[in-house]
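Topology and contacts: notes
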Amino acid sequence: MPSYRFSTWAGTALACATLSLSALAATPPTKVQAVTNVQLGVRPMYLVDQMANGPLKRRLQACENLPATKSSFSIGHRGAALQFPEHTRESYIAAARQGAGIVECDVTFTSDEELVCRHAQCDLHTTTNVLAIPELAAKCSVPFSPADPATGKPASAKCCASDFTLSEFRRLVGKMDGANPNAKTVADYLKGTPSFRTDAYSATGTLMTHRESIELFKQLGVGMTPELKAPEVPMPYKGTFTQAMYAQKMIDEYKAAGVSPRKVWPQSFSLDDVLYWVQNEPSFGKQGVYLVPVDVPAQIPAAQAQLPMIAAQGVKIMAPPMWALLALDGKNRMVPSDYARAIRANGMDIISWTLERSGTLTDGGGYYFQSVTPAVKGPGDYTALDVLANDVGILGMFSDWPATVTYYANCTGR
């Protein structure tokens, strides 16, 4: 899904930090127990406190002291990526502890064709410490290049999972996604956490293979929604690993782990991937999720015109970004969009993305709220989620901080 893309210490300090992180990466994880005590923390009620007075605020206030349970309506987007390094063991566990009933592993592959959890095949330079490990940094597709103020060229690098074997991938430690475009050193480049997030939980970030995520999710007792990420290398990879083999391998790892298809919602932005599952793995394909690749309102008419064809081919669940499902009425109130109504009219269910990825919402909310910007009044706005839940009728909501959605789901009986 759409994403947001450490003054300098002496070299000795950086080397010590790298050794420390590598040692952490090698520490074997302990088994976890299924979450029975959901922990929502202070954020949901902070958001409720910021809301304008009205029926929705009063309803959510009335649930403050009620016990919480997990809900499949609450989907951990990359885990709990608002405050934990995305697609790490720590982030996944945090999401489950916040009551996410379903947790996401985005799936890509290494140079030896092992499936791993990363948001993109080529995001290691912003989501891990790879650039701080010289012998691994040397293998990156594009090495680190410092910013040049004279020409305005930003700092850059490109490091892909496919640049490394699985054993090399295991040496890495996840960090909060981000990079400093003005950096002149690697250490500065790695300091790019967006201001609305935090590094409070970034001292550890255990990367995971897809198989390991499955075992962890089984232990946590949560549903699983893997997204097959688009390869950033030519396919067939190395001339033999085809897209169909890639899509099949992801499903095969659930079958090998004994996971019921009813616990899996495979996703892709590629309709061909979803149709592959519908046709070749129908028990998994019936919960296949088509992530709708729209970025601006001008793309909606074409997307809407495709709905009958998509439904006729057996796709049951559509997943557009939340802005595509929302519109404003004549009084600037949020309502379902025509596109949302058309999806339902074609007999398909809806999941949406992504809450808690837009900062404080004091600027109108940016990308995820672009269709309803005038109605976005600040951080306490549960209105969009309420319209999506009640009026659009979504099955679930991806969130970078699942507690926010879990609180709403518990309060409204979802």
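Note on numbering: residues in each chain are counted from 1, in written sequence order. Residue-level local features of this predicted model are given only where pLDDT is at least 70; pairs of side-chain atoms are given and counted only at 80 or more, and the full residue set underlies all totals for whole chains, interfaces and linings. In computing side-chain values, all of the structure's heavy atoms are included and hydrogens and water are not.

Let us look at the overall build of the protein. By definition, any uninterrupted DSSP run of H or I lasting at least four residues is a helix, any uninterrupted run of E lasting at least two residues is a strand, and each is numbered from the N terminus. Helix and strand counts for the protein come out as 17 helices and 15 strands. The globule rule is 2.2 Å times the number of residues to the power 0.38, and the radius of gyration it is compared with is taken over C-alpha atoms. Here the protein has a C-alpha radius of gyration of 21 Å; the compact-globule value for 414 residues is 22 Å, and the two agree. Projecting the C-alpha coordinates of the protein onto the three principal axes gives extents of approximately 60 × 50 × 45 Å. What sets the accessible areas is the Shrake-Rupley method with a 1.4 Å probe; for residues, cover comes only from the shown protein chains. Accessible surface, the protein as shown: approximately 16900 Å² in total, 55% of it carbon and sulfur.

This paragraph deals with the state of the cysteines. For this text, the term disulfide refers to a pair of cysteine sulfurs within 2.5 Å. According to the stated counting rule, one finds 4 disulfides in the structure shown. The residue that forms a disulfide with Cys-63 is Cys-411, at a sulfur-sulfur distance of 2.0 Å. Torsion about the S-S bond of the Cys-63 and Cys-411 cystine: about 75°, corresponding to right-handed handedness. Taken as a pair, Cys-63 in the loop between helix 3 (55-61) and strand 1 (71-76) and Cys-411 in helix 17 (residues 402-412) lie far apart in primary sequence, 348 residues in all. Only protein chains enter the accessibility calculation, which uses a 1.4 Å probe. A residue is then buried if its area is under 20% of the maximum for its type, exposed if over 50%, and partly exposed in between. With a relative accessible area of 12%, Cys-411 lands in the buried category. The disulfide partner of Cys-122 is Cys-160, and the gap between their sulfur atoms is 2.0 Å. Across the disulfide from Cys-122 to Cys-160, rotation about the S-S bond amounts to roughly 100°, and the bridge is consequently right-handed. One end of the pair, Cys-122, is in the loop between strand 4 (115-117) and helix 5 (124-127); the other, Cys-160, is in the loop between strand 6 (156-158) and helix 7 (166-169), and 38 residues separate them in sequence. Neither Cys-122 nor Cys-160 differs from the other in exposure class; each is buried. Disulfide connectivity for the protein, with bonded cysteines indexed by sequence position, reads 1-8, 2-3, 4-7, 5-6.

Moving on to the pattern of salt bridges. Just to be clear on terms, a salt bridge is a Lys or Arg side-chain nitrogen sitting within 4 Å of an Asp or Glu carboxyl oxygen. Enumeration according to the criterion identifies 14 salt bridges in this entry. For the salt bridge of Lys-218 with Glu-215, the shortest nitrogen-to-oxygen distance reads 3.6 Å. Linking Lys-218 with Glu-215, this pair stays in helix 9 (residues 210-220), spanning 3 residues, or about one helical turn. Residue classification places Glu-215 among the partly exposed positions, given a relative accessible area of 35%. The closest approach of N and O atoms between Glu-227 and Lys-229, which form a salt bridge, is 2.8 Å.

A word on the pairing of strand 2 (residues 100-103). Any two strands with at least two DSSP bridges between them are considered paired. Here 3 bridges tie strand 1 to strand 2, and the two strands are oriented parallel to one another. By the bridge assignment for strand 2, Gly-76 is matched with Val-103.

Here we take up the side chain of His-210. Tracing the sequence through the fold places His-210 in helix 9. Among the residues examined, His-210 registers a relative accessible area of 0% and is labelled buried. Every residue pair with non-hydrogen atoms within 4.5 Å of one another is taken to be in contact. In contact with His-210, other than residues within four places in its own chain, are Cys-105, Val-107, Leu-115, Val-116, Cys-117, Pro-226, Met-250, Glu-253 and Tyr-254.

This part is about helix 2 (residues 43-50). Within the sequence span of helix 2, burial applies to Pro-44, Met-45, Leu-47 and Val-48. In an axial view of helix 2, the angular spread of the buried residues amounts to 155°, which keeps them on one side of the axis. Those residues of helix 2 that are buried are in contact with helix 3 and helix 17. By definition, the arc is the one covered by directions from the helix axis to the C-beta atoms.

Mapping Lys-175 onto the fold places it in the loop between helix 7 and helix 8 (186-189). Working convention for charge: Lys and Arg count positive, Asp and Glu count negative, and His plus the chain ends are omitted. At 6.0 Å, Asp-177 is the nearest oppositely charged side chain to Lys-175, a buried residue that forms no salt bridge. Here Lys-175 is in contact with Pro-85, His-125, Thr-126, Thr-127, Thr-128 and Leu-190, once residues within four sequence places are set aside.

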